[in-house]
Amino acid sequence: MAIVVRFVDRNEYVKERFLDLIHVKDTTALTLKNEISSSLSYHKLNVQDIRGQGYDGASNMRGEWNGLQALFLKECPYAYYVHCFAHQLQLALVATSKDVIEVHAFFKKLNFIVNVLCSSSTRNDQLQATQLAKISHLAKIRELESGKGANQIRTLQRPRDTRWSSHFKSICNVMKFFGPAGVVLNDIAIEGSTSSQRGDATYALTHLLSFDFVIIMHVMKEVMAITEKLCQFLQQKSQDIVNALTLVSTTKTLIQKLRDEGWQSIMDQVNYFCGGNSIPVPDMNGTYSEIAQSRRKKDNVTVEHHYRVDVFIAAIDKQLQELNSRFNESAKELLRLSVALDPRKSLNIDDICKLAKTFYPMDFTEQENVQLKPELQHYELDVCNHPQLKNVCRLFELCRGLQETRKSEIYPLVDRLVRLILTLPVSTAISERAFLAMKIVKTRLRNSMNDDFLKNCLILNIEREIADTFSTDKIIDDFYCMKQRRVQLKMHKVHFFIVFFYFFLFII
């Protein structure tokens, strides 16, 4: 478990620092909470000073009643939980959609088809050659527009649970290569050198040309195309709360609109796609028949009802449920009010006063809440027209500008509130880099490395701007201050060993 703290230092700079790496065998919420509290106490940090917390998508962390965030809220009610913007939301939405059995089976088939087609360079070359022939034919009969950078020859992409947007791109590539993929699989099924190759190609081709695969592929493409924009935006290093909240709202609206009005449009696309690839379309009014389905349900349903209700609506409802869970109304209200301090927007004094009074009662006394409104009135006329501050675009730039112009001494309540808001957009970017660095530092060849030594190596790797301040002479002096060695090395050998050892750590 990697712990990262976000804070505003004395110079008004927003910092995110890798604090600790804890090896936990029991991943229950209470155990995690006790470990985090112990680590904070060791570094002389008080739990009551926490003003924001964020975790990945695990249910034992973000659970509303018994999760890790709920346990901290019981001890410190102002440690507001904000979803980690840097976490791979796209992967969480894919995992949620896989709760629908048919969607889970679709991604299994998709992965198998891509593996069969891209398992060797020969098949990949054959796939690209077939795609090139198709593009040339369509361009010749003027059904495909040509131009600079258009119609480039690409390849299929495997959907990976550790790669952002890989599922959406994999679906789009399969739709683009659908015809050539069928041709290549058919050739392998007939002319494969081994029975295993012929069997895999036949199995993959059967699923590729099935109506079930085609309709779920179109459904997931439409759903993931809507959430793609939000997921890409939330992965940016510098977060924009204003636009993030807007994208969350528009994403929910578009998904709901797709649920209410998008079924017929998808069916039209599926019918056209099946007609162009000679895939038989079943009678949508006929009875849906499937062994697992018939065992789960006693009532017979039509084919259209199955795909519309059990797949299309069920997958969309899972997406909406996940988005509502990650961006609940309380968190949205907190972020909405915090936007009132954004320097790009006009100052909303009432929202700022409500923010301080409602969400930070421990940080502002009753008298300070009374003084905040007139201070904001002076602030609006002074800071908003100041030549150095009127053109700032980010909240952290405003915080730094108040310090440089010494306006923080004139408007201490506003400066305090800005600092509190800057701790809110909790990011897991450094946490994820910590786990990535751990896989590099602690390889299988160095698997016996203990936790303390691993943590020290990770600090050198992650906090490189701090490590750059270490001088070689200081490292050598610290080494000599360590315990007495059994064998005293010569001076030049000591210098060589120390420099090489720390150089190795920096390279990692």
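Residues numbered from 1 in each chain as written. Predicted model: local features only at pLDDT ≥ 70, side-chain atom pairs only at ≥ 80, totals over all residues. Heavy atoms only, no water.

### Quick word on the overall build of the protein chain
For the protein chain, the helix and strand inventory stands at 25 helices and four strands. Relative to its 508 residues, the protein chain shows a buried fraction of 46%. (Helix = DSSP H or I, 4+ residues; strand = E, 2+ residues; numbered from the N terminus. Buried < 20%, exposed > 50% of the residue type's maximum accessible area, 1.4 Å probe, protein only.)

### Thoughts on the packing of helix 16 (residues 349-359) against helix 17 (residues 366-382)
One way to put it is that helix 16 packs onto helix 17 with a least axis distance of 10 Å and a crossing angle of 145 degrees. In this structure, helix 16 crosses over helix 17, and the sense of that crossing is right-handed. On the side of helix 16, the interface is formed by I349, D350, I352, C353, A356 and K357, while helix 17 contributes N369, L372, K373, L376, Q377 and E380. Residues that form the contact of helix 16 with helix 17 fall into these classes: six nonpolar, two polar and four charged. (Axes fitted to C-alpha atoms, helices over the stretch in contact; angles between N-to-C directions. Left-handed = near helix turned anticlockwise from the far one by under 90°. Contact = heavy atoms within 4.5 Å. Nonpolar A, V, L, I, M, F, W, Y, C, P; charged D, E, K, R; others polar.)

### A few points about helix 1 (residues 29-42)
Note that an α-helix has 3.6 residues per turn; residues three or four places apart therefore point the same way. Taking 1.5 Å as the rise per residue, helix 1 with 14 residues should run 20 Å; its terminal C-alpha atoms sit 20 Å apart, in good agreement. Where helix 1 is concerned, the buried positions are A29, L32, K33, I36, S37, S39 and L40. Considered in projection along helix 1, the buried side chains sweep an arc of 160 degrees and stay on one side of the axis. Of the exposed residues in helix 1, those oriented more than 90 degrees away from the buried face are L30 and Y42. Positive phi appears at K44, one or two residues downstream of helix 1, with a value of about 60 degrees. (Expected span 1.5 Å × (residues − 1). Arc of directions from axis to C-beta.)

### Describing the pattern of salt bridges
Evaluation of the coordinates by the stated rule reveals twelve salt bridges. Between E333 and K354 there is a salt bridge, with its nearest N and O atoms 3.6 Å apart. Linking E333 in helix 15 (residues 329-338) with K354 in helix 16, this pair joins segments that are 21 residues apart in sequence. Since its relative accessible area comes to 24%, E333 is described here as partly exposed. (Salt bridge = Lys/Arg side-chain N within 4 Å of Asp/Glu carboxyl O.)

### Considerations on the pairing of strand 2 (residues 14-21)
Burial within strand 2 is extensive, with six of its eight residues counted as buried. Two strands pair when backbone bridges link them, and strand 1 (residues 2-8) and strand 2 are joined in this way by seven bridges, in the antiparallel orientation. Opposite V5, over in strand 2, you have R17 as the bridge partner. Linking two consecutive strands that pair antiparallel, namely strand 1 and strand 2, is a turn of five residues; a positive phi of about 70 degrees is found at E12 within it. (Pairing = 2+ DSSP bridges.)

### Notes on the nonpolar core
F107, I171, V174, L185 and M217 are the most contacted members of the largest nonpolar core, which totals 68 residues. With 14 residues, the top contributor of residues to this core is helix 10 (residues 211-234). Apart from residues lying up to four places away in sequence, F107 is in contact with V94, S97, K98, H167, I171, M220 and M224. Counting 39 residues, the second-largest nonpolar core is a separate cluster that includes L335, I349, L372 and L398. (Core = buried A, V, L, I, M, F, W, Y, C linked by side-chain atoms within 4.5 Å.)

### Digging into the confidence of the model for the protein chain
The share of residues in the protein chain with pLDDT of 70 or more is 80%, and the mean pLDDT across the chain is 79. Considering only residues more than four positions removed or in separate chains, one finds that residues 489-508, a stretch of pLDDT under 50, has 21 contacts. (pLDDT = per-residue confidence, 0-100.)

### With respect to the environment of I215
With respect to the helices, strands and loops of the structure, I215 is situated in helix 10. Once you skip the residues sitting within four places of it in the chain, I215 turns out to touch W263, M267, V270 and Y307.

### Section: the packing of helix 5 (residues 101-118) against helix 9 (residues 195-208)
Contact geometry for helix 5 and helix 9: axes closest at 10 Å, N-to-C directions at 135 degrees. With respect to helix 9, the axis of helix 5 lies oblique. For the crossing formed where helix 5 meets helix 9, the hand is left-handed. Only D200, A201, Y203, A204, H207 and L208 of helix 9 make contact with helix 5, whose side of the interface consists of K109, F112, I113 and V116. (Parallel < 35°, antiparallel > 145°, perpendicular 65-115°, else oblique.)

### What to know about the packing of aromatic side chains
Scanning all chains against the criterion turns up ten aromatic pairs. Ring geometry for Y80 and F359: centres 5.4 Å apart, planes at 75 degrees, overall edge-to-face. Taken together, the residues span a long stretch of sequence, with Y80 in strand 4 (residues 80-81) and F359 in helix 16 at a distance of 279 residues. Residues Y80 and F359 agree in their burial class; the two are buried. (Phe/Tyr/Trp six-rings, centres within 6.5 Å; stacked < 30°, edge-to-face > 60°.)

### Some remarks on unusual backbone geometry
You will see that K44, though not glycine, has its phi angle at about 60 degrees, which is positive. Mapped onto the elements, K44 comes out in the loop between helix 1 and strand 3 (52-53). Using a relative accessible area of 78% as the deciding quantity, one classes K44 as exposed. Its identity is not glycine, yet S278 carries a phi of approximately 55 degrees, on the positive side. Secondary-structure assignment places S278 in the loop between helix 12 (263-276) and helix 13 (291-296).

### Some details on helix 15
Within helix 15, the full set of buried residues consists of A331, L334, L335, L337 and S338. Mapping the buried residues of helix 15 onto a view down its axis gives an arc of 165 degrees, with all of them on the same face.

### Things to note about the environment of N66
Within the fold, N66 resides in the loop between helix 2 (59-62) and helix 3 (68-75). The exposure class of N66 is exposed, given its relative accessible area of 63%. Separated by 36 residues in the primary sequence, N66 and L30 place their C-alpha atoms 8.6 Å from one another.

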